[in-house]
Amino acid sequence: MFERRSLRLPITLGVILILSLAALIVGWVLVNVYAADNSPKPSVYWTLLTVGSILFGVVLVGVVFYLTLSVKAINLNRRQSNFIDSVTHELKSPIASLKLYLQTMKIRNVSEEEQAKFHQIMMDDVERLDSLISHLLDAGTIEKKKSREDYSEVPLDELLVICAKRVCSRYRVDPEVIELNLKPCSIYASHVDATMIFRNLLDNAVKYAGDPPKVHVNMRLEGEIAVVEICDNGEGIPRSLRRKVFGRFVRLGEELRRKKPGTGLGLYIVRTLVRRLNGKVAIVERDRRFGTVFEVRLPIQDRDSLSGEHPLPVETTVNTHSTV
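Here is a short report on the structure shown in this document. Because the structure is a prediction, the values reported are computed rather than measured.

**Observations regarding the overall build of the protein chain**
Phase 1 of the analysis: Within the protein chain, the secondary structure is distributed over six helices and seven strands.
Phase 2 of the analysis: Reading the secondary structure of the protein chain in the N-to-C direction produces α-α-α-β-α-β-β-α-β-β-α-β-β.
Phase 3 of the analysis: Burial analysis of the protein chain (324 residues in total) assigns 40% to the buried set.
Phase 4 of the analysis: Sequence-distant contacts, at least 24 apart, represent 78% of the contacts inside the protein chain between residues at least 6 apart.
Phase 5 of the analysis: For the protein chain, the exposed area adds up to about 19300 Å²; of that, 58% sits on carbon and sulfur atoms.

**Remarks on the pairing of strand β5 (residues 225-232)**
Phase 1 of the analysis: Within β5, seven of the eight residues are buried, leaving the element largely enclosed by the surrounding structure.
Phase 2 of the analysis: In this structure, strand β4 (residues 215-222) lies alongside β5, joined through eight bridges in antiparallel fashion. By the bridge assignment, R220 is partnered in β5 with V227.
Phase 3 of the analysis: In this structure, the hairpin formed by β4 and β5 is closed by a connection of two residues, where G223 is found at a positive phi of approximately 65°.
Phase 4 of the analysis: Of the strand pairs in this sheet, β5 and strand β7 (residues 292-299) are connected by eight bridges, and their pairing is antiparallel. Following the sheet pairing, E229 is matched in β7 by E295.

**Some points on the sheet that holds β7**
Phase 1 of the analysis: Taking strand neighbours across the sheet as the criterion, the five strands line up as β2-β4-β5-β7-β6 in an open arrangement whose pairing is mixed. The outermost strands of the open sheet, each flanked by one partner alone, are β2 (178-181) and β6 (280-283). Adjacent strand axes in the sheet meet at a mean angle of 15° when their direction is disregarded.
Phase 2 of the analysis: Those strands touched by helix α5 (residues 191-207) are β2, β4, β5 and β7, and its axis lies near 25° from that of β5.
Phase 3 of the analysis: Across the sheet, helix α6 (residues 266-276) lies against β6 and β7, angled at about 145° from β6, the strand it touches most.

**Regarding unusual backbone geometry**
Phase 1 of the analysis: Of note, the bond from D211 into P212 is cis; its omega dihedral lies within 30 degrees of zero at 5°.
Phase 2 of the analysis: Assignment of secondary structure puts P212 in the loop between α5 and β4.
Phase 3 of the analysis: Backbone geometry at R172 places phi at a positive 55°, although glycine is not the residue there.
Phase 4 of the analysis: The topology assignment puts R172 in the loop between α4 (156-171) and β2.

**Regarding the packing of α4 against α5**
Phase 1 of the analysis: Orientation of α4 relative to α5, taken along the N-to-C sense of each, is 45°, at an axis distance of 9 Å. If you check the angle between α4 and α5, you find them oblique. Note that α4 runs across α5; the crossing there is right-handed. Of the residues in α5, those in contact with L156, L159, L160, C163, A164, R166, V167, R170 and Y171 of α4 are H191, A194, T195, F198, R199, L202, D203, V206 and K207.
Phase 2 of the analysis: Partitioning the contact of α4 with α5 into residue classes produces eleven nonpolar, two polar and five charged.

**Regarding the pattern of salt bridges**
Phase 1 of the analysis: In this structure the tally under the stated criterion is eight salt bridges.
Phase 2 of the analysis: Linking R172 and D124 is a salt bridge whose minimum nitrogen-to-oxygen distance equals 2.7 Å. Here R172, found in the loop between α4 and β2, pairs with D124, found in helix α3 (residues 112-141); they are 48 residues apart in sequence, far enough to count as distant.
Phase 3 of the analysis: Exposure remark for D124: the relative accessible area of 29% places this residue in the partly exposed category.
Phase 4 of the analysis: Among the salt bridges present, the one from R220 reaches E295, with a minimum N-O distance of 3.5 Å.

**Concerning α4**
Phase 1 of the analysis: Helix length check: α4, at 16 residues, gives a terminal C-alpha distance of 23 Å against a target of 22 Å (1.5 Å per residue), a fit within 8%.
Phase 2 of the analysis: Three or more residues of α4 are buried, namely L156, D157, L159, L160, C163, A164, V167 and C168. Projected down its long axis, α4 shows its buried positions confined to an angular sector of 160°, all on one face. Opposite the packed face of α4, turned more than 90 degrees from it, sit the exposed residues K165, R166 and S169.
Phase 3 of the analysis: Buried-residue contacts for α4 involve β1 (152-155), β2, β3 (186-189), α5, β4 and β5.

The rules behind these values
Residues numbered from 1 in each chain as written. Predicted model: local features only at pLDDT ≥ 70, side-chain atom pairs only at ≥ 80, totals over all residues. Heavy atoms only, no water. Helix = DSSP H or I, 4+ residues; strand = E, 2+ residues; numbered from the N terminus. Buried < 20%, exposed > 50% of the residue type's maximum accessible area, 1.4 Å probe, protein only. Contact = heavy atoms within 4.5 Å. Areas by Shrake-Rupley, 256 points an atom, 1.4 Å probe, with all protein chains shown as cover. Pairing = 2+ DSSP bridges. Axes fitted to C-alpha atoms, helices over the stretch in contact; angles between N-to-C directions. Parallel < 35°, antiparallel > 145°, perpendicular 65-115°, else oblique. Left-handed = near helix turned anticlockwise from the far one by under 90°. Nonpolar A, V, L, I, M, F, W, Y, C, P; charged D, E, K, R; others polar. Salt bridge = Lys/Arg side-chain N within 4 Å of Asp/Glu carboxyl O. Expected span 1.5 Å × (residues − 1). Arc of directions from axis to C-beta.

Next comes the structure, spelled out in structure tokens:
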């Protein structure tokens, strides 16, 4: 789950910095000893000055680079801590709820109506746990390379209809909450990957939509590119946080004070899978009626572009809510 970083780079950099600093100190001492006993020649002076300047530059660049690595490590540790808080909360809440209702049904007699209500609540808790585990498994496997045999022609319009029905069923909202405006087209992709992309985006849209929730899904074709826009009527987030939402473990705000469940992995999964398909994902500004507009661009049946070696850059222009 967590990012695995090799220790070779920081150790090598540290050794180079120590050796450069030691060479600078020794050279400075020798220059001073030599200058005290002899009058240094101009050629020797400029040679020592050049070597010293190069070593000083190496040390300076190394310190800056080492500081950058340290800041990245601190940010990663912060996101991992945030993720652990999120997962702990997501696990404890439904388990505590299940335990409470099971104990209640065991120690006292409840009516059939209450039993039906308790069973529904417990099913909701089980689905919440299942969703959490699915997200963790997805995040742990998406970076594994897939073979060509895993790819096939995927009707994008039909896939969006299926994902919309599943999301509405999960949140128990009317299917009309998600308004679909689609065009028949197909992409060449892994069906599992394509499903994860749009399931996460639609789940995110419905979860953070306003009251009453409303989500619009619009599709258009631009040459050999299928463009899918998923718009919700949520509240939005500050512009200063627009670059963070596609990162791993990123959820905006303080973890234990959030009202919406999640792990901060949904949009990270989306970004990784869209890149695998040589596509682009962006959060763009459109109409003021909408809170968030996710725009996904995928090549239409572009089999030759799925090399995975030169993915298109991911744009991150954000104007609204946090990640799944």
